[in-house]
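Geometric and topological summary
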Amino acid sequence: MNQGNNSRVAEFVLLGLSSSWELQYFFFMLFNFLYIIIVLGNLLIVLTVISEPALHTPMYIMLSNLSILDVFLATYATPKMIHDFLHEPKTISFEGCMAQIFLLHVFAGGEMVLLVAMAYDRYVAICKPLHYGTIMNLCKCTGLVVGSWVIGVMHSLSQLAFTVNLPFCGPNVVNSYYCDLTLVIKLACTDTYVPELLMLLDSGLMGVTSFLLLLVSYTVILVTVQRRSSMDMTKARSTLSAHIIVVTLFFGPCIFIYAWPFSNFPVDKVLSVFSTVFTPILNPIIYTLRNKEVKSAMRKLKTRYVCSGLPSQLSLLRLDVLS
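Criteria and thresholds
- Residues numbered from 1 in each chain as written.
- Predicted model: local features only at pLDDT ≥ 70, side-chain atom pairs only at ≥ 80, totals over all residues.
- Heavy atoms only, no water.
- Helix = DSSP H or I, 4+ residues; strand = E, 2+ residues; numbered from the N terminus.
- Contact = heavy atoms within 4.5 Å.
- Expected span 1.5 Å × (residues − 1).
- Buried < 20%, exposed > 50% of the residue type's maximum accessible area, 1.4 Å probe, protein only.
- UniProt positions renumbered as here; feature names shortened; annotations may be inferred.
- Pairing = 2+ DSSP bridges.
- Axes fitted to C-alpha atoms, helices over the stretch in contact; angles between N-to-C directions.
- Disulfide = S-S within 2.5 Å.
- Core = buried A, V, L, I, M, F, W, Y, C linked by side-chain atoms within 4.5 Å.
- 1 Å grid on protein atoms, 1.4 Å probe; cavity = no way out; pocket = protein on both sides within 12 Å on 5 of 7 lines; lining within 4 Å.
- Points joined across faces, edges and corners; volume = space filled by probe spheres on them.
- Nonpolar A, V, L, I, M, F, W, Y, C, P; charged D, E, K, R; others polar.
- Left-handed = near helix turned anticlockwise from the far one by under 90°.

Before going further, it helps to spend a moment on the overall build of the protein chain. Across its full length, the protein chain carries 13 helices and 3 strands. Here the contacts in the protein chain between residues at least 6 apart in sequence split such that 78% fall between residues at least 24 apart.

See below:
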């Protein structure tokens, strides 16, 4: 054991998504494109919410924070994965590996809690509409958003606390494109039963608690919506369906991965890519296409910054030609 501690590995080798050079070139182009879409799409939502006073409400403040978390969730590993498609060997330092584990659980944990906060916001708006302004004030909204980040950080620190001091003295090959905690723990030169159990209990408690709260919230909301048939309820159904789709996309892969946390199935890579790349792309699309307020605000934003800039540019061009 002492020898293992004195010769801790300096880096880990990531096997990536594929060993085929043809596929890696294709993935390089594909994920470059997707990552740009993630960043631009989610930042567009943030900019839209900031620039439109009508969207300065709890639901849209939380939506903009969800977009920020999605950008971070896609950024903790995707740029490194894109870089590795064209480089061999695919290595990451021990410190970089621990940083990836930390950031993943901060952003994923924060997003879980934020989705619960968004469900609570919809519950108050639909089930207690007359008291919405009193219950979901700016102070409460700020507290929920800040709380999601704080819980994410605390969850991540609890995961890292029993991982960073494990003796990694020999095996250093991770069969993934990033440092997956469930795979990294198994590389330790010691009995990993207790760390695996602690990790599973920690992540399981957070995931199951969040999922149950969401399930109860949306069940109550759906029952309430079914009992009413006004125009407001039609709008509520549209908003609610978008929330449920996002929750399903986020928790679906998580449930599968953590149902068999320490087994290395090929589908795990696909689900990890879906969680960190495709879900952050789909979130802004789902909320934008099903939300008239956001689409209207984006049209105003386009008119303000794009269309209004064209006449002035044309005028300057005419002056240059005349001169």
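Taking 1.5 Å of rise per residue, 18 residues should cover 26 Å, and helix α3 (residues 58-75) covers 26 Å from first to last C-alpha, within 8% of that figure. In terms of burial, α3 is a largely internal element, 14 of the 18 residues being buried.

On to the UniProt feature "transmembrane region" (unreviewed entry) in the protein chain, then. Residues annotated by UniProt as "transmembrane region" (unreviewed entry) correspond here to residues 25-47, 59-78, 98-120, 141-162, 205-225, 237-258 and 270-289. Taken end to end, residues 59-78 has its terminal C-alpha atoms 28 Å apart, with 90% of it in helix and 0% in strand. This span, residues 98-120, is 100% helix and 0% strand, and a straight line between its end C-alpha atoms measures 33 Å.

So, about the sheet that holds strand β2 (residues 91-93). With mixed pairing, the 3 strands of this open sheet are ordered in space as β2-β1-β3. The open sheet is flanked by β2 and β3 (173-174), the only strands paired with a single partner. Here strand β1 (residues 11-14) pairs with β2 via 3 bridges, running antiparallel. In the strand pairing of β2, Phe12 is matched with Ile92. Helix α5 (residues 94-127) contacts β1 and β2 of the sheet and is inclined by roughly 85° relative to β2.

Attention now moves to unusual backbone geometry. Note the cis peptide between Glu88 and Pro89, where omega equals -10°. Relative to the helices and strands, Pro89 is located in the loop between α4 (78-84) and β2.

Counting across every chain of the model gives 2 disulfides. A disulfide bridge connects Cys97 with Cys179, and the sulfur atoms are separated by 2.1 Å. Taking the sign of the torsion about the S-S bond as the criterion, the disulfide between Cys97 and Cys179, at about -125°, is left-handed. Of the two residues, Cys97 is situated in helix α5 and Cys179 in the loop between β3 and α8 (181-185); the sequence distance between them amounts to 82 residues. Cysteine pairing in the protein chain follows 1-3, 2-4, where each cysteine in a disulfide is numbered by its order in the sequence. The thiol of Cys139 is unpaired, and the distance to the nearest cysteine sulfur, on Cys141, comes to 9.9 Å. In this structure Cys139 comes out as exposed when scored by relative accessible area, which is 65%.

Core analysis: the biggest nonpolar cluster contains 64 residues, and Phe31, Met62, Leu66, Leu115 and Leu214 have the highest contact counts within it. Per-element accounting of this core gives the leading share, 15 residues, to α5. Setting aside chain neighbours within four positions, we find Met62 in contact with Leu114, Ala117, Met118, Asp121, Met136, Cys141, Leu144 and Val145.

This part is about empty space enclosed by the protein. Summed over all chains, the structure comprises 3 cavities of 30 Å³ or more. Empty space within the second largest cavity amounts to approximately 60 Å³. Leu14, Gly16, Leu17, Ser18, Gln24, Met81, Asp84, Phe85, Lys90 and Tyr177 together form the lining of the second largest cavity. Its residues assigned to classes, the lining of the second largest cavity shows 5 nonpolar, 3 polar and 2 charged.

The next thing to look at is the packing of α5 against helix α7 (residues 138-161). Running from N to C, α5 and α7 cross one another at 145°; their axes reach a closest spacing of 7 Å. Crossing of α5 over α7 shows right-handed handedness. Partitioning the contact of α5 with α7 into residue classes produces 16 nonpolar, 8 polar and 1 charged.

Looking now at the environment of Ala119. You can see Ala119 is positioned in helix α5. Judged by its relative accessible area of 0%, Ala119 is buried. Sequence separation between Ala119 and Leu215 is 96 residues, and the spatial gap between their C-alpha atoms is 9.3 Å. Non-local contacts of Ala119, meaning those with residues more than four positions away in its chain, are made with Leu214, Ser217, Tyr218 and Ile221.

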